[in-house]
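Descriptive structure summary
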Amino acid sequence: MAGQYKSREEKRLAQQKSKSTKSKKKGSLVKRVIISLFIIGIIGMLAGAGLFAYYASSAPKLDEKLLKDPIASEIYDMNGELITTVGKEKREYANFDDIPKIMQDAVLATEDNRFYKHNGIDLIRLGGAVIANVTGGFGSEGASTITQQVIKGSFLSPEKTLKRKAQEAWLALKLEQEYTKEEIFEMYFNKVYMSAGINGMATAADYYYGKDIKDIELHEAALIAGLPQSPNNYNPFKYPEKAEKRRNIVLSLMEQHGKITEEEKKEAQAIPITEGLVSAEEVEKKNGNKYPAFVDAVIDEVQKMGDYNLFSDGLKVYTTVDPDAQKRLEEILAGENTSFSYPESPEEPMQAGVTLMDTKTGEIRAIGGGREQDPNVQRGFNFAIDTKRQPGSTIKPLIDYAPAIEHLKWSTYHILKDEPYKYSDGTELNNYDGQFKGPITIREGLWDSRNITALKAFQEVGPEKAEEFVNGLGLKFDHYYESASIGGVSPGVNSVQMAGAYAAFGNEGIYNKPHTVTKVVLRDGETEIKNDNKPKPAMKEYTAYMISDMLQSVIDHPRGTGLYAKVPGLPMAGKSGTTNYTQEEREKYGIAKTGAPDSWFVGYTTNYTAAVWTGYKTRSIPLSPTDRRVSQYIVSDLMSYVHEGVDTPDFNKPDSVVESKVELGSNPARLPSEYTPDDRVITELFVRGTEPSKVSKEFDKIDAPSNLKGKFNKKDQTITLAWDYGKEKDVQFEVAVSINGEAKQVLTTTDKKGLNVENIQSQGTFTFEVVAISGDQRSNAATVNVDVKATDGEDEENQDENNDENQDNNGNGNNNGNNNGNGNGQGNGNEDDSGNDGEDTGGDDGTTPPPEGDGTGEGGTDDGGTGDGTGTGDGGTGDGTGEGSGTGDGATNGSPATQSDPRREQE
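Residues numbered from 1 in each chain as written. Predicted model: local features only at pLDDT ≥ 70, side-chain atom pairs only at ≥ 80, totals over all residues. Heavy atoms only, no water.

So, the overall build of the protein chain
For the protein chain, the count of helices and strands is 23 helices and 29 strands. The burial tally for the protein chain puts 48% of its 907 residues in the buried class. Across the protein chain, every contact between residues at least 6 apart in sequence was considered, and the portion connecting residues at least 24 apart equals 67%. Total accessible area computed for the protein chain in this model is approximately 45100 Å², and 47% of it derives from carbon and sulfur atoms. (Helix = DSSP H or I, 4+ residues; strand = E, 2+ residues; numbered from the N terminus. Buried < 20%, exposed > 50% of the residue type's maximum accessible area, 1.4 Å probe, protein only. Contact = heavy atoms within 4.5 Å. Areas by Shrake-Rupley, 256 points an atom, 1.4 Å probe, with all protein chains shown as cover.)

Here is the structure:
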């Protein structure tokens, strides 16, 4: 067959020839790829070697002093003056020969098992780390040897850059050439940071176990060896569970590398992590430096700025502390030279957390971390920054009213009804005093800290807007339920956060994150790490100003809840806050309804902001109503001190805010008319464009009576009054008289257009006024004078006799209600010869002279018109006796009585 092989053998040979040709082509391609990769690798290695050499040439020189001793850091105040040095605390240095083998084995198994086999860089471990990072993700495993860690901790910055890695490797090689393995191990052993401000494993043995390093046991050595990976997180005093887990890992590594048997591992792992630990309170010693609470905050902040260790890195930290303010704050917390006293508790001292901050910059000037704290405890609980307590009513301006002004453009006059109210789920909400005021302005809702109006504001603006607003002030909560409107937030807050949030109101709406550090200078003396906090607009200028103006009322209003924080002459705004116990807590701890766990006050000016929390470390110890004033006393004292001699301008009103007079009670807001009483005219703030433009008609005058005439009838001893009026319906007329210029007295109110005044006994000029009344409107008065002259002799004689006969028949009763309130009553004699008792309203609260008032009553005797009266009013009630004399004939009314003094204007 054509095209076919003659035999199977020929076919086989042909196929082999074809495969051989293809194989040669593939082999040639592979060779080319391998050669190309080799060339690229050579080029890469040469380039890498060149870069390594370049970086290595700029590496610092080895310094034996830096190798063996960690460098203390210096902390400076706002004026650049050194205030303390961190890292000079007592250190126990251990020579290599003093380190027991079990401790050496624990360190080597954990940090560098091939320590005695490499020359500073472990290529085998490096390769394993590369594979682990590829398979397990970057950072899965490190490759630094003990030698490299000594170099890193002694000379180089902690930044993870190629330059630093190259220098670290180069210096590690040099270190291995100049020092023995035992010397390098000794350097590491005494240099490494072990948490709580201590360095060195020998120091750690004493700190955690109260032992000399030579007496350490297996399980204790494992804990100490495991600490350097993350000293603060594995601190057994603070995080025992994490510490135990890390210890057990170290024990497993020791067993894996043949340092201990499996049985020894299991026995050590079974020992509780707390066994052998000394008391944390006994060993956490303070270093005796200044301003421990402030330095505590500095240490935390530096750690957040990067991988820096104040206790060993030789840093220079420039802070914001004002030494004068810090010193005075510490005196206040100690009760030195204060005008108030702290409450005494047999169980524990009342605590306080205080933050004083520059309103414009967010720089913290002073921190008070607590009262009567153990001076031997280093970095103890700091109530200014470590506490997380609910803020109570201090949250209301932040989460309720400010968002409403920001987004809904409410005025400070905006009316909300304070009334019995419930949450959306039906749970009842009440005010602190159990009372309801009806329609009130949000200004009053703030200065009197009403819960109902706060919740209504939160509901109207909505939780989403409220959340957005407080987030812009550095506050983030887990939820924004309706209870958040009155302080029910989670987690709680501390004084630093509250100072930062409130300062934005005083800084025209600009938020600055509170901070204690301006810059950190590394040990090279040149590299500066600056705090990169930048001002951020958090709200409109009109929101900031209107909230500040209302919060000034909290302090300045006579009944404001921040009255005790007031500094005379200082334009300061602020807000108080008190939290509550649950009913379950009250029953469990036997706490009265007046007891509270927390009291807050945040006050601010254009210069400074002070936030204060007071309470007890043990929540079950309550604050009494008097105890709760202490937070305000602290603010008053501290703000008075720091503002002394300092020019403090008032809050600047922006162009976006308009002041406008408003007729109190109008809703929506109305301008007062020319007839609006002065005590009903107030001034409030409005976002420009929303101010009222319509005038109230509530107090417009109605027409006055016309053609008022009066005539005296000698024969009947009467005066007849008559007047004209238009066609208005529902109009009544109030008739009053003044005799010979004496006090005016209202005679009656009638719907007639005339009046007959009988039994005129006096002589002289009778001035009558008639005022038209319709609802709340009153007209101007129409007046007429009527002269009453003496009659002829006979008439005069008869008149004298009548006066003699009837002089005891009419009594004017004057009554004083005496229970912090006075009452004056007037009575007219009538046909049954009885006098009148007086009723009146007493004073406000007994602290000021009470107002006087008018009242009428019944009862008395015909001898002088003596009767009892009761005064009832704002401040109390009282009984009194009124005495008076008058004339009457039993069949007619006596002469007009004299009206008592008008009621004093009250707020």
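Now that the structure has been shown, we can carry on.
Here's the deal with the pairing of strand S2 (residues 82-86)
With four of its five residues buried, S2 lies for the most part within the structure. Pairing of strand S1 (residues 73-76) with S2, which is carried by four bridges, proceeds in the antiparallel orientation. Along S2, the bridge assignment pairs Glu 74 with Thr 85. The antiparallel hairpin formed by S1 and S2 contains five residues in its connecting segment, where Gly 80 sits at a positive phi of about 85°. (Pairing = 2+ DSSP bridges.)

Some remarks on the packing of aromatic side chains
Counted under the stated rule, the structure contains 22 aromatic pairs. Centroid distance Phe 115 to Tyr 116: 5.0 Å. Interplanar angle 75°. Geometry classified as edge-to-face. Residue classification places Phe 115 among the buried positions, given a relative accessible area of 0%. We classify Tyr 116 as partly exposed; its relative accessible area is 41%. Here Tyr 193 and Phe 311 contribute two aromatic rings whose centre-to-centre distance is 5.7 Å and whose plane-to-plane angle is 10°, an arrangement assigned as stacked. (Phe/Tyr/Trp six-rings, centres within 6.5 Å; stacked < 30°, edge-to-face > 60°.)

Some thoughts on the sheet that holds S2
Spatially, five strands are ordered S2-S1-S3-S11-S12 in an open sheet, and the strand pairing comes out mixed. Two strands lie at the open edges of the sheet, namely S2 and strand S12 (528-530), each paired on one side alone. Direction aside, neighbouring strands of the sheet carry axes that sit 20° apart on average. Two strands pair when backbone bridges link them, and S1 and strand S3 (residues 316-319) are joined in this way by three bridges, in the parallel orientation. Paired with Glu 74 across the bridge in S3 is Lys 316. Relative to strand S11 (residues 517-521), helix H13 (residues 292-305) is tilted by about 60°, and along the sheet it contacts S1, S2, S3, S11 and S12. (Axes fitted to C-alpha atoms, helices over the stretch in contact; angles between N-to-C directions.)

What about the sheet that holds strand S23 (residues 754-757)?
Here three strands make up an open sheet; going across it, the order is S19-S20-S23 and the pairing antiparallel. Each edge of the open sheet is held by one strand with a lone partner, namely strand S19 (706-713) and S23. If you compare each strand with its neighbour and ignore which way they point, the axes differ by 10° on average. Bridge count between S19 and strand S20 (residues 718-724): six bridges; the pairing is antiparallel. Counterpart to Gly 710 in the pairing with S20 is Leu 721.

Observations regarding the nonpolar core
Val 302, Val 317, Leu 398, Leu 473 and Ile 547 are the most contacted members of the largest nonpolar core, which has 81 residues in total. Filtering out sequence-adjacent residues up to four positions away, Ile 547 remains in contact with Pro 397, Tyr 401, Ala 402, Ile 405, Phe 505 and Tyr 604. Counting residues in each nonpolar core, the second largest holds 52 residues, with Leu 67, Ala 106, Phe 185 and Met 187 among its members. (Core = buried A, V, L, I, M, F, W, Y, C linked by side-chain atoms within 4.5 Å.)

Let's talk about a positive patch on the surface
Taken together, the side chains of Lys 304, Lys 388, Lys 476, Lys 513 and Lys 536 present a region of like positive charge at the surface. Structurally, the position occupied by Lys 536 is in strand S13 (residues 536-537). Residue classification places Lys 536 among the exposed residues on the basis of a relative accessible area of 54%. (Patch = residues over 30% accessible without salt bridge, like charges linked within 9 Å, V, L, I, M, F, W, Y side chains within 5 Å. Salt bridge = Lys/Arg side-chain N within 4 Å of Asp/Glu carboxyl O. Lys, Arg positive; Asp, Glu negative; His and termini not counted. Charge placed at Lys NZ, Arg CZ, Asp CG, Glu CD.)

Quick word on the side chain of Asp 418
Relative to the elements of secondary structure, Asp 418 occurs in strand S6 (residues 415-418). A polar contact is formed between the side chain of Asp 418 and the side chain of Asn 431, at a distance of 2.9 Å. Filtering out sequence-adjacent residues up to four positions away, Asp 418 remains in contact with Asn 431, Gln 435, Phe 436, Lys 437, Gly 438, Pro 439, Ile 440, Arg 450, Ile 452 and Thr 453. (Polar contact = N/O pair within 3.5 Å; in protein donor to acceptor, adjacent residues only side chain to side chain.)

Observations regarding helix H9 (residues 218-226)
Burial analysis of H9 places nine of its nine residues in the buried class, the great majority of the element. Along H9, the residues that are buried comprise Leu 218, His 219, Glu 220, Ala 221, Ala 222, Leu 223, Ile 224, Ala 225 and Gly 226.

Topic: the side chain of Lys 396
For Lys 396, the location among the structural elements is in helix H15 (residues 396-408). Summary of buried charges: Lys 396 has no salt-bridge partner, and the nearest side chain of opposite charge, Asp 400, is 6.7 Å away.

Considering the environment of Thr 203
Tracing the backbone shows Thr 203 in helix H8 (residues 201-209). Along the sequence, Thr 203 and Glu 92 sit 111 residues apart, while their C-alpha atoms lie 5.0 Å from each other.

So, the packing of H15 against helix H17 (residues 451-461)
At a closest axis distance of 9 Å, the pairing of H15 and H17 adopts a crossing angle of 45°. Regarding the angle of H15 to H17, the classification is oblique. Crossing handedness for the pair H15 and H17: left-handed. In this structure, H15 contributes Lys 396, Ile 399, Asp 400, Tyr 401, Pro 403, Ala 404, His 407 and Leu 408 to the contact, and H17 contributes Asn 451, Thr 453, Ala 454, Ala 457, Phe 458, Glu 460 and Val 461. The residue makeup of the contact of H15 with H17, split by class, is nine nonpolar, three polar and three charged. (Parallel < 35°, antiparallel > 145°, perpendicular 65-115°, else oblique. Left-handed = near helix turned anticlockwise from the far one by under 90°. Nonpolar A, V, L, I, M, F, W, Y, C, P; charged D, E, K, R; others polar.)

What about the environment of His 257?
With respect to the helices, strands and loops of the structure, His 257 is situated in the loop between helix H10 (240-256) and helix H11 (262-269). Relative accessible area serves as the criterion here: at 30%, His 257 is assigned to the partly exposed category. With 147 residues separating them along the chain, His 257 and Thr 110 place their C-alpha atoms 9.6 Å apart. Sequence-distant contacts of His 257, defined by excluding residues within four places in its chain, comprise Ala 109 and Asn 113. Within polar-contact distance, the side chain of His 257 engages the side chain of Asn 113 at 3.1 Å.

Quick notes on the packing of H15 against helix H18 (residues 463-471)
Two elements in contact, H15 and H18, have axes whose closest approach is 9 Å; the angle formed by their N-to-C orientations is 100°. Our classification of the angle between H15 and H18 gives roughly perpendicular. From H15, Leu 398, Ile 399, Ala 402, Pro 403, Glu 406 and His 407 reach across to H18, where they touch Lys 465, Ala 466, Phe 469 and Val 470. Grouping the constituent residues of the contact of H15 with H18 by class yields seven nonpolar, one polar and two charged.

A short note on a negative patch on the surface
A cluster of like negative charges, contributed by Asp 97, Asp 98, Glu 182 and Glu 183, occupies part of the molecular surface. With respect to the helices and strands, Glu 183 occurs in helix H7 (residues 181-191). With relative accessibility at 37%, the residue Glu 183 sits in the partly exposed group.

Examining the confidence of the model for the protein chain
Across the protein chain, the average pLDDT comes to 81, with 74% of residues at or above 70. Throughout residues 127-142 the model reports pLDDT below 50, and contacts reaching past four residues in sequence, or to other chains, amount to twelve contacts. Confidence over residues 793-907 falls short of pLDDT 50; this stretch has 250 contacts with residues more than four positions distant or in other chains. (pLDDT = per-residue confidence, 0-100.)

Concerning unusual backbone geometry
The linkage connecting Ser 490 with the following residue, Pro 491, adopts the cis geometry, with an omega of -5°. Here the bond from Asn 667 into Pro 668 is cis, since omega is 10°, no more than 30 degrees from zero. The residue Pro 668 is located in the loop between strand S17 (657-663) and strand S18 (681-687) in this model. For Glu 372, which is not glycine, the phi torsion reads 50° and is therefore positive. On the basis of relative accessibility, which here comes to 62%, the residue Glu 372 falls in the exposed class. In this structure, Gln 717 takes a positive phi of about 50° despite not being glycine. Examined against the element boundaries, Gln 717 turns out to sit in the loop between S19 and S20. We classify Gln 717 as buried; its relative accessible area is 17%.

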